[in-house]
Amino acid sequence: MNISFEAPDKINGLMTITLEKEDYQGEVEKTLKDYRKRANVPGFRPGMTPMGLIKRQFGAAVKVDVVNKMLGEKLYEYVRENKIQMLGEPLPSDKQETLDFEGDAPLTFKFDIAVAPEFEAKLSGKDKIDYYNITVDDKLIDQQVEMYQSRAGQYEKAEQYDPEQRDMLKGDLRELDEKGNVKEGGITVADAVLMPQYMKVDDQKKLFDGAKLGDIITWNPRKAYPESDVEVSSLLKIQKEEVKDHEGDFTFQITEISRFVKAEINQQLFDQTFGEGTVKDEKEFRQKIADIISQQFKADSDYKFLQDVRKHMEKKVGKLEFPEAILKRVMLNNNKDKGADFVEKNFEASIKELGWHLIKEQLVAAQEIKVEDDDLKNVAKEAARAQFAQYGMSNVPDEYLENYAAEMLKKRENVDGLVDRAVDVKLTAALKGVVKLNEKDITLEDFQKMLQEK
């Protein structure tokens, strides 16, 4: 066996592997013997089929399988031992000559190899990178307090409709004819629910202002929701296609007025939000909220910091040269169903991400970052905590988070993303201690605007 590798421009590699008969013949013979033991050929007892017949039937296919397996093993072994930073998978070269698997002549295979460009990515205290501390002001805390009040609030009965209170009306809905009488055979909906403040037309909305229990309001659903057949069909309990047949007036007799009332700021709200006894007064409540917001903002600040590290390193390293022709073939090979147009449209972005991936690999290696099981578990717990927070559940017991995280880690499709996240978390923490931080205070509004800027 002979293996050679050449890459005169250091990024476009050509690997040549030549296999002699003696390299693979032993494995071929062994495999054919196994075939003979299992072969069920008419006229011969199991295991007694003549080897010549076995070779004629299976010899070429077995040889191809053995050679391909050996090629893969030796190619990746060579890459690993010679520390070639291969990008993607090897591809058959257009310099490949036709092979004769029937004969005993040496078999020579040629592969195009995309090699990562050589560069150095280093950071030190001489590198100055912005770090944004998002300020937690009273306005943000007030908004969060109101959110907790709303989530703990409830509907209470009212006597008169007030549009400013987002009241919900329940009543009997009846279709009228052209003369203003209840239409014979028309639509009748008992316990229909309306929230007039969400009507699209002010004239219809105002018909309900000041209405009391028992009042009968004549209005027009079609005019109230002129552009939404879905709203009208849902209210009238009919198919969307039927709306055009019911565009006249209706009466709505109010049988119930429900008003949403936010929870009071008291011990019950504190306990419901953060657990019994955790917070004892409004000052502690607001401080607890501020601490939670600060923790959430820290993750946002770290995210922005790593983005800025990337921008800084891409500028510092400069433009990297890639073996684009080979990489386009690799990308096309991995996206055969999407075709060449997909490759052309997405190649530039893909190369940019590949460049950052290679830079980050060096930074991770320099900081000797390794992801342990505990790191994965912590990242999974934080992901679970964030999911629960979206639903207003800010006091989920740690044991429950542990179980949820364990279930996430059981699914293979989750693990790669969690590993990447764990690497980012550890790299960010490490680099904050390496570079010089240019710390800046910033409001949430300005921070969000900055993130939206390209």
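Above this text sits the structure in question.
Residues numbered from 1 in each chain as written. Predicted model: local features only at pLDDT ≥ 70, side-chain atom pairs only at ≥ 80, totals over all residues. Heavy atoms only, no water.

Examining the overall build of the protein
For the protein, the count of helices and strands is 14 helices and 11 strands. Taken against the 2.2 N^0.38 rule, which gives 22 Å for 454 residues, the C-alpha radius of gyration of the protein at 35 Å runs more than 25% over that of a compact globule. Referenced to the eigenvectors of the C-alpha coordinate spread, the extents of the protein come out at roughly 100 × 70 × 45 Å. A total of 454 residues make up the protein; the buried ones form 35% of that total. Intrachain contacts of the protein at a sequence separation of at least 6 include 71% that bridge at least 24 residues. (Helix = DSSP H or I, 4+ residues; strand = E, 2+ residues; numbered from the N terminus. Rg over C-alpha atoms; globule rule 2.2 N^0.38 Å. Buried < 20%, exposed > 50% of the residue type's maximum accessible area, 1.4 Å probe, protein only. Contact = heavy atoms within 4.5 Å.)

What about the packing of helix 8 (residues 282-317) against helix 13 (residues 412-432)?
With their axes 10 Å apart at the nearest point, helix 8 and helix 13 run at an angle of 75 degrees to one another. Here helix 8 lies roughly perpendicular to helix 13, going by the angle between them. Contact residues: Lys-298, Asp-302, Phe-305, Leu-306 and Val-309 in helix 8; Asp-424, Leu-427, Thr-428, Leu-431 and Lys-432 in helix 13. Classifying every residue of the contact of helix 8 with helix 13 by side-chain character gives 5 nonpolar, 1 polar and 4 charged. (Axes fitted to C-alpha atoms, helices over the stretch in contact; angles between N-to-C directions. Parallel < 35°, antiparallel > 145°, perpendicular 65-115°, else oblique. Nonpolar A, V, L, I, M, F, W, Y, C, P; charged D, E, K, R; others polar.)

Description of a negative patch on the surface
A contiguous patch of negative charge on the surface is contributed by Glu-241, Glu-242, Asp-245 and Glu-247. Mapped onto the elements of the fold, Glu-242 is located in the loop between helix 6 (229-236) and strand 10 (250-261). (Patch = residues over 30% accessible without salt bridge, like charges linked within 9 Å, V, L, I, M, F, W, Y side chains within 5 Å. Areas by Shrake-Rupley, 256 points an atom, 1.4 Å probe, with all protein chains shown as cover. Salt bridge = Lys/Arg side-chain N within 4 Å of Asp/Glu carboxyl O. Lys, Arg positive; Asp, Glu negative; His and termini not counted. Charge placed at Lys NZ, Arg CZ, Asp CG, Glu CD.)

A look at unusual backbone geometry
With a phi angle near 50 degrees, Lys-83 is a residue other than glycine that sits in the positive phi range. Note on Lys-83: relative accessible area 75%, which makes it exposed. Phi is positive for Arg-166, which is not a glycine, with a value near 55 degrees. Examined against the element boundaries, Arg-166 turns out to sit in the loop between strand 6 (154-157) and strand 7 (168-175).

Concerning the packing of aromatic side chains
Enumeration over the complete set of coordinates arrives at 9 aromatic pairs. Judged by centre distance (6.5 Å) and plane angle (50 degrees), the rings of Phe-101 and Phe-109 are tilted. Judged by relative accessible area, which is 7%, Phe-109 ranks as buried. A ring pair is formed by Phe-208 and Trp-219, whose centres lie 5.6 Å apart and whose planes are at 75 degrees; its orientation type is edge-to-face. Of this pair, Phe-208 sits in the loop between helix 4 (202-206) and strand 9 (216-219) while Trp-219 sits in strand 9; the two residues are 11 residues apart in sequence, bridging distant segments of the chain. Each of the two residues, Phe-208 as well as Trp-219, counts as buried. Aromatic rings pair up to connect Tyr-148, Phe-270, Phe-274 and Phe-285 into one cluster. One Lys or Arg, Lys-288, reaches over the ring of Phe-274 and ends 5.9 Å from the middle of that ring. (Phe/Tyr/Trp six-rings, centres within 6.5 Å; stacked < 30°, edge-to-face > 60°. Lys NZ or Arg CZ within 6 Å of the ring centre and 35° of its normal.)

Topic: the sheet that holds strand 4 (residues 107-115)
Overall, antiparallel pairing links the 4 strands, which are arranged 1-2-4-3 in an open sheet. Unpaired on one side and paired on the other, strand 1 (2-6) and strand 3 (86-92) mark the two borders of the sheet. Neighbour-to-neighbour, the strand axes of the sheet open up by a mean angle of 20 degrees, direction not taken into account. As paired elements, strand 1 and strand 2 (residues 12-19) share 5 bridges and run antiparallel to each other. Looking at the pairing, Ile-3 lines up with Ile-17 of strand 2. Lying over the sheet, helix 9 (residues 324-334) contacts strand 2, strand 3 and strand 4, oriented at roughly 80 degrees with respect to strand 3. (Pairing = 2+ DSSP bridges.)

Here we look at the side chain of Gln-197
Tracing the sequence through the fold places Gln-197 in the loop between strand 8 (188-194) and helix 4. The class for Gln-197 is buried, based on a relative accessible area of 15%. Engagement of the side chain of Gln-197 in a polar contact is seen with the side chain of Tyr-161, the distance being 3.4 Å. At 3.4 Å, the side chain of Gln-197 forms a polar contact with the backbone oxygen of Arg-166. The contact partners of Gln-197, leaving out residues within four places of it in the chain, are Tyr-161, Pro-163, Arg-166, Asp-167 and Lys-205. (Polar contact = N/O pair within 3.5 Å; in protein donor to acceptor, adjacent residues only side chain to side chain.)

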